[in-house]
Amino acid sequence: MDYSQFLVMYQEIGLLVLILFVFLFDTFSSKEAPRGLSMFTIVLFGLLTLAGFVAPCDKAVASAFGGMYVTSPTMTAIKNVLNIGVLIVLIQAKGWAHSEFMRVRRGEFYELLLITLFGMYLMISARHFLLFIIGLETASLPLAALVAFDKNRYESHEAAVKYMLTAVFSSAIFMMGLSFVYALAGTLYFNDIAASIIDGGAMLVVAVAFVIAGMGFKLSLVPFHLWTADVYQGAPTAITSYLSVISKGAAAFAFFVIMVQVFGPFYHHIWEWMLYALIILTITVGNLFALRQKNLKRFLAFSSISQAGYIMLGVIAGSAQGLGSLIFYILVYIFSNLAAFGVIQSIESKTGRVDMDSYNNLYSTNPKLAFTMMLAMFSLAGIPPFAGFFSKFFIFSTAVASGSVALYILVLIALINTIISLYYYLLVVKAMFINNQEECAVAPFTSSVSDRVGMWICVAGIILVGLVSCIYNGLVNTSVHNPEYIFTIFAN
């Protein structure tokens, strides 16, 4: 065996080394030292994130283990985007990790969170379904433990059970679909499957439907979304923010690769109508149910469901520009959603409240928090000149690039839903700036340093990412330069 091929997995190896260091620090440090574990983890992960950007951008596409694992500049880019999100989550979770409740389980929190990220790395680079399943389960199972981290709250236990049961059933459905694929193709390599299946008939339709259902759970696509609101509400806020952006970002990229590279040749014959229906249902149901929510964590849960539908428009494009738009949308979504969760976590840590009524007249007592939440809502709604506007513009543009009437209708429905989403996002802004009460539910307070740093990073991202055009152009150019390992243009 040629052990040098492990060097191809330099990002995964770096993350494993970091996990080992965190484990050793947590295990062998003195009783006073564990309070430094948070800063130790943040600093090391920050260096790992920086190393991902410093690595040569022109690094050639490389593979390992007989082609089961592949890395390329595009995959490095999406991993770097996820690293940015994880770093923000780690910073924002520092205050919660230092609470008395977390005193004896701080190390487990960091270790489980980083292990799930390792699984997402494998999902992104896998070009064989066996390795993909390993990554999928590595990313999913520790999340159930993280959701149940607050053992003293019934809602946390309930959320963990719902997440675990849904994850198990979705994995079973996904692997059932893979069994059909293997029966048709005789292989689990992505490229070989596309080349081997000529006409699968009804079995191929069922196989693709099962694969979409399995991945739909990770992305919270309707009708595979029923776990989302309860899990988001019951999990600790730091875990909810991680679930809402990092897990969704990795799953979106993996979904793109599977559907376009493996099943791309059968797009017009098999799964075009499936994805159209899923996108319309996901955006519409997410928006309509978000209108009814008064709990902000459930509110952002349904918001994330609708955002998943917009992300899927990048899959419809099936091109280098579509892939670049998808990664750019994930980057913007990370900044926007984590800014909102940063405000929620800061207020929850002081008051214990997450209901929308507690935000009435927030601007008069905590103007900086109100301003941050306003920017997050504007970006999620797609209001210019914030980054969310450009992410929606680019993904809509790539979706209609083929010029088909069906795609124009699909994007029109998405645009109408954007108006609906604008209404419920502005409800939060109205509560903070317009609703008047004699006494605001949230008294003036100073957020922790870690919360403020996390929100500053998010605000900078919301304002700058959309305006710095080289970011989007760089992601698209990176995808164009190595298309053969990322996607296959849909057959006409």
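Placed above this text is the structure.
The residue count restarts for each chain, going from 1 along the sequence in the order it is written. pLDDT decides what is reported in this predicted model: residues at 70 or higher carry local features, side-chain atom pairs at 80 or more are listed and counted, and totals for whole chains, interfaces and linings draw on all residues regardless. The basis for the side-chain values is all heavy atoms of the structure; hydrogens and waters are excluded.

## Brief notes about the overall build of the protein
Our working rule: Here a helix means four or more residues in a row that DSSP labels H or I, a strand means two or more in a row labelled E, and each is numbered from the N terminus. To get the radius of gyration, use the C-alpha atoms; to get the globule rule, take the number of residues to the power 0.38 and multiply by 2.2 Å. Here the term buried applies to any residue with accessible area under 20% of the maximum for its type, exposed to any over 50%, and partly exposed to those in between, with areas from a 1.4 Å probe on protein chains only. Pairs of residues are marked as contacts when any of their non-hydrogen atoms sit within 4.5 Å. Accessibility throughout is a Shrake-Rupley quantity obtained with a 1.4 Å probe, and a residue counts as covered only by protein chains that appear here.
Counting its secondary structure elements, the protein contains 20 helices and 2 strands. A globule of 492 residues ought to have a C-alpha radius of gyration of about 23 Å, and the protein, at 22 Å, matches this closely. C-alpha extents for the protein along the principal axes are approximately 70 × 55 × 45 Å. Here the protein, with 492 residues, has 60% of them falling under the buried criterion. Residue pairs at least 24 apart in sequence account for 80% of intrachain contacts in the protein once pairs closer than 6 positions are excluded. For the protein, the accessible area works out to roughly 18,600 Å², and carbon and sulfur atoms hold 68% of it.

## Re the packing of helix α2 (residues 37-54) against helix α3 (residues 73-92)
Going by this rule: Every axis in this analysis is a line fitted to C-alpha atoms, fitted for helices over the stretch in contact. Angles between the N-to-C directions lie between 0 and 180 degrees. Should an angle fall under 35 degrees it is taken as roughly parallel, and over 145 as roughly antiparallel, whereas 65 to 115 is taken as roughly perpendicular and any remaining angle as oblique. Throughout, a crossing is termed right-handed when the near helix is turned clockwise from the far one, and left-handed when it is turned anticlockwise from it by less than a right angle. Asp, Glu, Lys and Arg are counted as charged, while Ala, Val, Leu, Ile, Met, Phe, Trp, Tyr, Cys and Pro are counted as nonpolar; the rest, among them Gly, fall into the polar class.
Interaxial distance between α2 and α3 falls to 9 Å at its minimum, and their mutual angle equals 160 degrees. As judged from the angle between their axes, α2 and α3 are roughly antiparallel. In terms of crossing hand, the pair formed by α2 and α3 is left-handed. Contacts between α2 and α3 involve T41, I42, F45, G46, T49, G52 and F53 from the first element and T76, N80, N83, I84, V86, L87, L90 and I91 from the second. Among the residues making up the contact of α2 with α3, the classes are represented as 8 nonpolar, 7 polar and no charged.

## Digging into the pattern of salt bridges
Basically, it comes down to this: Salt bridge, as applied in this entry: a Lys or Arg side-chain nitrogen positioned within 4 Å of an Asp or Glu carboxyl oxygen.
Applying the stated rule across the entire model yields 5 salt bridges. The partner of E158 in a salt bridge is K162, with the nearest N and O atoms 3.0 Å apart. Here K162 and E158 lie together in helix α7 (residues 154-185), a separation of 4 residues that amounts to about one turn. Note on K162: relative accessible area 28%, which makes it partly exposed. The partner of D230 in a salt bridge is K162, with the nearest N and O atoms 2.6 Å apart. Remark: K162 occurs in helix α7 and D230 occurs in helix α10 (residues 228-234); sequence separation between them is 68 residues. Each of the salt bridges in this network shares a partner with another, and the network as a whole consists of E158, K162, D230 and R298.

## Topic: the packing of aromatic side chains
Condition: Pairs were defined over the aromatic rings of Phe, Tyr and Trp, the Trp ring being its six-membered one, requiring ring centres within 6.5 Å. Orientation was assigned from the angle between planes: stacked under 30 degrees, edge-to-face over 60, tilted for the rest. Sitting over a ring, as applied to charges here, requires NZ of Lys or CZ of Arg to be within 6 Å of the ring centre and within 35 degrees of the ring normal.
Across all of its chains, the model carries 23 aromatic pairs by this definition. Taken together, a centroid distance of 5.5 Å and an interplanar angle of 85 degrees make the contact between F299 and Y424 edge-to-face. Here the residue F299 occupies a position in helix α13 (residues 296-317), and Y424 occupies one in helix α18 (residues 405-433), the gap between them amounting to 125 residues. Look at F299 and you get buried, because its relative accessible area is 1%. Measuring from ring centre to ring centre gives 5.2 Å for F389 and F390, while their planes differ by 75 degrees; the resulting arrangement is edge-to-face. Using a relative accessible area of 29% as the deciding quantity, one classes F389 as partly exposed. Three or more aromatic residues link up through ring pairs in this structure, and these residues are F328, F389, F390, F393 and F394. The ring of Y121 carries the charged tip of K79 above its face, separated from the ring centre by 5.4 Å. If you follow K392 out to its NZ or CZ, it ends over the ring of Y310, 4.9 Å from the centre.

## Details of α2
Applicable threshold: Under the convention used throughout, the expected extent of a helix is 1.5 Å for every residue step, that is, one less than its residue count.
Over its 18 residues, α2 extends 26 Å from the first C-alpha to the last, a length consistent with the 26 Å expected when each residue adds 1.5 Å. Looking at the buried residues of α2, the elements they touch are α1 (10-28), α3, α4 (94-97) and α5 (106-125).

## Section: a nonpolar patch on the surface
Operational definition: For patches, a residue must show more than 30% relative accessible area and have no salt bridge; joins then use 9 Å for like charges and 5 Å for nonpolar side chains, namely Val, Leu, Ile, Met, Phe, Trp and Tyr.
Taken together, the side chains of F6, I13, L16, V17, L20, F21, F23, L24 and F28 make up a nonpolar region of the molecular surface, amounting to roughly 790 Å² of accessible area. Mapping I13 onto the fold places it in helix α1.

## What to know about unusual backbone geometry
For the bond running from V222 to P223, omega is 10 degrees, close enough to zero to count as cis. Inspection of the secondary structure assignment puts P223 in the loop between α9 (201-219) and α10. Geometrically, the link from P384 to P385 is a cis peptide bond, its omega value of 10 degrees lying close to zero. Following the sequence through the fold, P385 ends up in the loop between α16 (367-381) and α17 (387-399). Despite not being glycine, F65 has its phi angle at roughly 55 degrees, a positive value. Mapped onto the elements of the fold, F65 is located in the loop between β1 (62-64) and β2 (69-71).

## Quick look at α13
Operational definition: Polar contacts here mean pairs of N or O atoms no more than 3.5 Å apart (in protein, one a potential hydrogen donor and the other a potential acceptor; neighbouring residues in sequence count only if both atoms are side-chain atoms).
Here α13 contains 22 residues, and its C-alpha end-to-end distance of 33 Å stays within 8% of the 32 Å for a straight helix at 1.5 Å per residue. Among the 22 residues that make up α13, 22 are buried, leaving the element largely enclosed by the rest of the structure. You can read the cap of α13 off the contacts: a side-chain oxygen lies 2.9 Å from the backbone nitrogen of K297, and it is on N295. The first or second residue beyond α13 is G318, which carries a positive phi of 60 degrees.

## Section: the environment of L7
Tracing the sequence through the fold places L7 in the segment before α1. Relative accessible area serves as the criterion here: at 67%, L7 is assigned to the exposed category. With 386 residues separating them along the chain, L7 and F393 place their C-alpha atoms 38 Å apart.

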